[in-house]
Amino acid sequence: MPLLEALPPTLIVQRVQQRYELINRMLSNGYPLSKVARRVGLDRKIARRYRDTKLDVLIASARDRRNVPLDRYKPFLQAQFAFGVTSAKDLYDQIRAQGFQGGCSTLSRYVLSLRNGVAVAAPTQIPSPRSITAWIMRPRESLSTSEVARLDEVRITCPDITEACNLARVFTDLVRRRRGTMLGLWIREAEQSTIGPLRSFGSFLRQDLDAVTAGLTLPYSSGVVEGHVCRVKLLKRSMYGRATSALLRARILARP
């Protein structure tokens, strides 16, 4: 019995069948592939696949793709299964509460593979660079227990991140506590680092060491001056070509 006759008339089966018939009918009538793809609203590579692939294979592939959203829940499912939660219904209720939109039959097949010991180990979810950076730059005591554990896992997995984390936290301490006298030591450690950007940053700081040391030591700041410079530029640009320097001077000296 052909696969199409054995399958229930679900939406995905009907959609694939309709696309297959429409694409091949247009191609048989002499329409070029690019025009067919635009008419159907598909990429040309996908339209070519509908042309070169049998209908049974397309339907089977489409049905397999429905299980892809389950992948994000597989680490959780494997952990729960290891803790003794082996009921497909209980596991289904748990991942439904987390946002899973698939059917129970999809989960049942995966739970069966877990029981038989043939399920592929779920890949470890790698934190994004933004998350790792946030964990490094925030004080360790402000991190949650799970964030501390994730950061420790990342540091164990990647020695470069461990080195970057140590140097970044020391430099942050220099800035927050105004320990400019220790900047030279930090620069030497950064220049000996195996991480290229850190070496470049250390060399860049050495080019103007006195100014950077003063900025990390003294309580003074050029923020007020920079604010006035920004204000003058704003006034000048808002009056560009429409006023004299006398009016610009009057506006600059006037109270904001």
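Calculation criteria
- Residues numbered from 1 in each chain as written.
- Predicted model: local features only at pLDDT ≥ 70, side-chain atom pairs only at ≥ 80, totals over all residues.
- Heavy atoms only, no water.
- Helix = DSSP H or I, 4+ residues; strand = E, 2+ residues; numbered from the N terminus.
- Buried < 20%, exposed > 50% of the residue type's maximum accessible area, 1.4 Å probe, protein only.
- Contact = heavy atoms within 4.5 Å.
- Salt bridge = Lys/Arg side-chain N within 4 Å of Asp/Glu carboxyl O.
- Axes fitted to C-alpha atoms, helices over the stretch in contact; angles between N-to-C directions.
- Parallel < 35°, antiparallel > 145°, perpendicular 65-115°, else oblique.
- Left-handed = near helix turned anticlockwise from the far one by under 90°.
- Nonpolar A, V, L, I, M, F, W, Y, C, P; charged D, E, K, R; others polar.
- Phe/Tyr/Trp six-rings, centres within 6.5 Å; stacked < 30°, edge-to-face > 60°.

Visitor: Requested: an account of the overall build of the protein chain, with residues and values cited.
Guide: Of the regular secondary structure elements, the protein chain holds 16 helices and 0 strands. Counting the 256 residues in the protein chain, one finds 25% classified as buried. Restricting to contacts in the protein chain with at least 6 residues of sequence separation, those with at least 24 account for 48%.

Visitor: With reference to specific residues and values, describe the environment of Arg 178.
Guide: Its place among the elements puts Arg 178 in the loop between helix 11 (159-177) and helix 12 (183-191). Non-local contacts of Arg 178, meaning those with residues more than four positions away in its chain, are made with Asp 173, Leu 216, Thr 217, Leu 218 and Pro 219.

Visitor: Which residues make up unusual backbone geometry, and what values go with them?
Guide: Phi is positive for Arg 178, close to 55 degrees, though the residue is something other than glycine. By relative accessible area, Arg 178 is classed as partly exposed at 45%.

Visitor: I'd like to hear about the pattern of salt bridges, residue by residue, with values.
Guide: Here the structure, examined in full by the defined rule, presents 7 salt bridges. With a closest N to O distance of 2.8 Å, Arg 179 and Asp 173 form a salt bridge. Members of the salt-bridge network, linked through shared partners, are Asp 173, Arg 177 and Arg 179.

Visitor: Tell me about the packing of helix 6 (residues 74-82) against helix 8 (residues 104-116), and name the residues and values.
Guide: Direction vectors running N to C along helix 6 and helix 8 enclose 50 degrees, while the axes themselves pass 11 Å from each other. One way to sum up the angle between helix 6 and helix 8 is to call them oblique. The way helix 6 lies across helix 8 gives a crossing that is right-handed. From helix 6, Lys 74, Leu 77, Gln 78 and Phe 81 reach across to helix 8, where they touch Leu 107, Tyr 110, Val 111, Leu 114 and Arg 115. Considered class by class, the residues forming the contact of helix 6 with helix 8 number 6 nonpolar, 1 polar and 2 charged.

Visitor: Would you mind going over the packing of aromatic side chains in detail, with residue names and values included?
Guide: Counted according to the given criterion, the structure contains 5 aromatic pairs. An angle of 80 degrees between the planes, with centres 5.5 Å apart, marks the rings of Tyr 73 and Phe 100 as edge-to-face. Of this pair, Tyr 73 sits in the loop between helix 5 (55-65) and helix 6 while Phe 100 sits in the loop between helix 7 (88-97) and helix 8; the two residues are 27 residues apart in sequence, bridging distant segments of the chain. The two residues Tyr 73 and Phe 100 agree in class, both being buried.

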